[in-house]
Amino acid sequence: MDCIEVKGNTVEEAIEEGLKQLQTVREDVIIEIVQPERKKLFGIVSQPAVVRLTKKHQTKQTVQQKEGKAWIQDGDFCYECLDVGPTIIIGEGVICLHNGKAIEGKVTLQEGDDVRIYPKEESITQSVWKVDVDARKMEATLTFAPGGRRWYVLEDMEPSNKLHIQAKMETELIYDVSHEAVMTKLQELGIVYGVNQEAIREALHSEKKVTVVIAKGIEPVEGKDGWVEVKVGEGKRKPKVREDGTVDYREIEMIATVGEGDLIAIVHPPQLGKPGLTVTNEVIPVREVHPVTVKLGKGVTMHENLISATQGGRPQIAKKGRTVVISIIPKLVHQGDVDLSVGNIHFKGDVEITGNVQDEMVVEALGTIMILQNVNRAKIRAQQSIFIQQNVISGTVTSGENKMIVTKLIGLLQQIRHSLERMIVAIQQLMVMSKIREQDIYPLTKRLLESKFQTTMEAMKQYKTMCEQKREQIGEQWFDIGSQLDSCLLADRPNHFHCLGGMANLLRELNTFIGQYDREENDAIELSYALNSVIHGSGDVVVTGKGCYNCNIYAGGTLTVHGVLRGGEAYAQKGMKIKEVGSSLGIKTVLAVPKGEMIYIEHAWEGTVVQFGKKTYTFYEEKKHVEMKWDDERQEIVFG
């Protein structure tokens, strides 16, 4: 139904009724008023309104419009516009002028538009290269990146009403650096040794950026000082440990023994080193090598380079710098207790006591002491290891007093060595970055010591003071190495140490010196239990039984307590591992190690104090399985 007539009291009412019936809106109909309403007096309707509503018929007529097209033929841009002009999209490598104006993106063309399409202009980059020499002048490297020519080509494209125009990029590598140019640069830098011509040619024809070694020097081969090859067991052997963790001292093989005529050692001559050569043809010297000096003690003889025993006993081989002292140490076995009826024991060898060492007695030995029973309020001193099978009550046990001095001196030298290594690296970096010359190294060294390496100066002063104080107990070799360090670090004027080669040689000499003592086996103290005692050792201290109560302990090596450490103070140069520390009553127990070491505690009670260097930490509550160390970056004690 597209047309209806509707009556209503008013024209508007009739229209609304008609719209409802047609289910449409006013905009979609044609309204004709057939008869308006008529009213009498007092608003009474005498004639209703009549309207005719007719739906509008909207005929959508789609006109098919023809679209124009654009294309590229033989490198030229072409287009035609019909009813609708084509659209072109400008892509990579293309320049488009539309009616004389450069455009980007897309544009729809109209009849008569002036459109010109060009490929972008070609671009050329030159090759980049450089020659570098490392600070040690051991390597020269060539860094090369080839140049290139880049241009765009317009390829033919089929007609399209939406043409995406993109040029094809063509490239060509340019090799414009000659072999002769590189050789000239090498001559300017003084690089004349170890030049690899083939490596240069290959680098200059690389398709991408490369860095290759084109000259290489010869690394020096350090010689070796004379040494003594030991042919028998040396020093102490570990006692046998049972499955339950206890130690069976009766099964101990503490001392290697030899009989008359047995071969003890072979003396080897020094091996010369081979100097190196830099790429600038400078000789890199190697340190002078020295023969080992062998001093024969009691009970040994030497024929050519073979050292043999003339009597039975334990061979003792002591290394002191370049000197090796070899002798045979006899052994004293004392049956029963050491008491007033026997007197104190002073023996220049090893001592074994099958009983106890009673009140106020003293046992001293230049070798090792082994006691199978107890030590009661007595003093035990050995230059080597001490083994006590049972307990130490109110006693004093000291081993390796002379080696404690060596340990402290080596510690200072290791600190100085670390600083010297860092200083050499810093100087090498500055020479590369700031073009510092060899003659500038002396004032640079002074500035580094005053700014970044102040602790090195303090370590040097401590080393010199200690050497003077202990002159009678140490050899001249300690003063010799100290004098060389003085000449390098504390000199008033430049000398042969103030160049990279001189400092490197000093560092090698220092490493060799420290290495001689690092290889020496430390003496040890091992016991089952200690109460109210002083225990000082140059090496490891091991408590295998119940533990230690109210003791003062010093270990030049590590401290290991399989039981309880309750009360007193303990220091260990190389860290400690303890099963239980302190007590539930809060008894103060102090543990101390250097900053670079670690402490492990299975069970720590409240009141335990831990010290790293001068920094302390106090446990205010019970903790288990604690691993602690010093953090250099955070400058505090941290838990692992």
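A. Inspection of the sheet that holds strand β1 (residues 3–8) at higher detail. Spatially, β1-β5-β2 is the arrangement adopted by the three strands of the open sheet, whose pairing is antiparallel. Each edge of the sheet is formed by a strand with only one pairing partner; in this case those strands are β1 and β2 (29–35). Put simply, the sheet's adjacent strands are angled 25° from each other on average, direction ignored. Pairing of β1 with strand β5 (residues 49–55), which is carried by six bridges, proceeds in the antiparallel orientation. From the neighbouring strand, Ile 4 faces β5, where its bridge partner is Leu 53.

B. Here's a closer look at the state of the cysteines. Evaluation of the coordinates by the stated rule reveals zero disulfides. Here Cys 548 stays unpaired: no disulfide links it, and the sulfur of Cys 551, its closest cysteine neighbor, is 4.7 Å away. The class for Cys 548 is buried, based on a relative accessible area of 0%.

C. Representation of the pattern of salt bridges. Scanning the entire structure with this criterion turns up 25 salt bridges. Residues Asp 359 and Arg 377 are paired through a salt bridge, measuring 3.2 Å at the closest nitrogen-oxygen approach. Of this pair, Asp 359 sits in the loop between β34 (350–353) and β35 (362–365) while Arg 377 sits in the loop between β37 (375–376) and β38 (379–382), placing them 18 residues apart in sequence. The shortest N-O distance in the salt bridge between Arg 471 and Glu 476 comes to 3.8 Å.

D. Quick look at the environment of Ala 530. Its location among the elements puts Ala 530 in strand β42 (residues 525–531). Classification of Ala 530 by relative accessible area gives buried; the value is 0%. Not counting residues within four places of it along the chain, the set of residues in contact with Ala 530 comprises Val 392, Ile 535, Gly 547, Cys 548, Tyr 549 and Cys 551.

E. Focus on the nonpolar core. Counting residues in hydrophobic clusters, the biggest one holds 48 residues, and the most contacted among them are Val 357, Val 363, Ile 369, Ile 380, Ile 553, Leu 559 and Leu 591. The greatest single-element share of this core, amounting to six residues, is contributed by strand β44 (residues 541–555). Here Leu 559 is in contact with Val 541, Ile 553, Ala 570, Ala 572, Gly 575, Met 576, Lys 577 and Ile 578, once residues within four sequence places are set aside.

F. Just the sheet that holds strand β10 (residues 101–103), in detail. As summarised here, the arrangement of the three strands in space is β10-β9-β12, forming an open sheet in which the pairing is antiparallel. Since the sheet does not close on itself, it has two edges, and those belong to β10 and β12 (115–119), each with one partner. Mean inter-strand twist for the sheet, computed between neighbouring axes without regard to direction, equals 30°. As defined by bridge partners, strand β9 (residues 94–98) adjoins β10 across three bridges and the pair is classed as antiparallel. Note that in β10 the partner of His 98 across the bridge is Lys 101.

G. Unusual backbone geometry, seen in detail. Here Glu 360, not a glycine, exhibits a phi torsion of approximately 65°, which is positive. Examined against the element boundaries, Glu 360 turns out to sit in the loop between β34 and β35.

H. The arrangement of the packing of aromatic side chains in detail. Evaluation of the coordinates by the stated rule reveals eight aromatic pairs. The interplanar angle of 25° and the centroid separation of 6.2 Å between the aromatic rings of Phe 77 and Tyr 79 together place this pair among those described as stacked. Given a relative accessible area of 15%, Phe 77 falls into the buried group. With a centroid separation of 5.7 Å and 50° between ring planes, the pair formed by Tyr 529 and Tyr 549 is classed as tilted. With a gap of 20 residues between them, Tyr 529 in strand β42 and Tyr 549 in strand β44 connect regions that are remote in the sequence. Judged by relative accessible area, Tyr 529 falls into the buried class, the value being 13%. Taken together, the ring pairs in this structure connect Tyr 617, Phe 619 and Phe 639 into an aromatic cluster. One Lys or Arg, Arg 471, reaches over the ring of Phe 479 and ends 4.0 Å from the middle of that ring. We note Lys 546 situated over the ring of Tyr 529; from NZ or CZ to the ring centre the distance is 5.0 Å.

I. Representation of helix α2 (residues 179–189) within the structure. Taken residue by residue, α2 has Val 182, Met 183 and Leu 186 as its buried positions. Viewed end-on, α2 has its buried residues packed into an arc of 100°, placing them on one side of the element. What points out from α2, more than 90 degrees from its buried face, is the exposed set Glu 180, Gln 187 and Glu 188. Buried-residue contacts for α2 involve β14 (128–133), β15 (139–145), α3 (197–203) and β20 (210–216). Looking one or two residues past α2, Gly 190 carries a phi angle of roughly 80°, positive in sign.

Criteria and cut-off values
Residues numbered from 1 in each chain as written. Predicted model: local features only at pLDDT ≥ 70, side-chain atom pairs only at ≥ 80, totals over all residues. Heavy atoms only, no water. Pairing = 2+ DSSP bridges. Helix = DSSP H or I, 4+ residues; strand = E, 2+ residues; numbered from the N terminus. Axes fitted to C-alpha atoms, helices over the stretch in contact; angles between N-to-C directions. Disulfide = S-S within 2.5 Å. Buried < 20%, exposed > 50% of the residue type's maximum accessible area, 1.4 Å probe, protein only. Salt bridge = Lys/Arg side-chain N within 4 Å of Asp/Glu carboxyl O. Contact = heavy atoms within 4.5 Å. Core = buried A, V, L, I, M, F, W, Y, C linked by side-chain atoms within 4.5 Å. Phe/Tyr/Trp six-rings, centres within 6.5 Å; stacked < 30°, edge-to-face > 60°. Lys NZ or Arg CZ within 6 Å of the ring centre and 35° of its normal. Arc of directions from axis to C-beta.

These results come straight from atomic positions and should not be treated as a statement about function.
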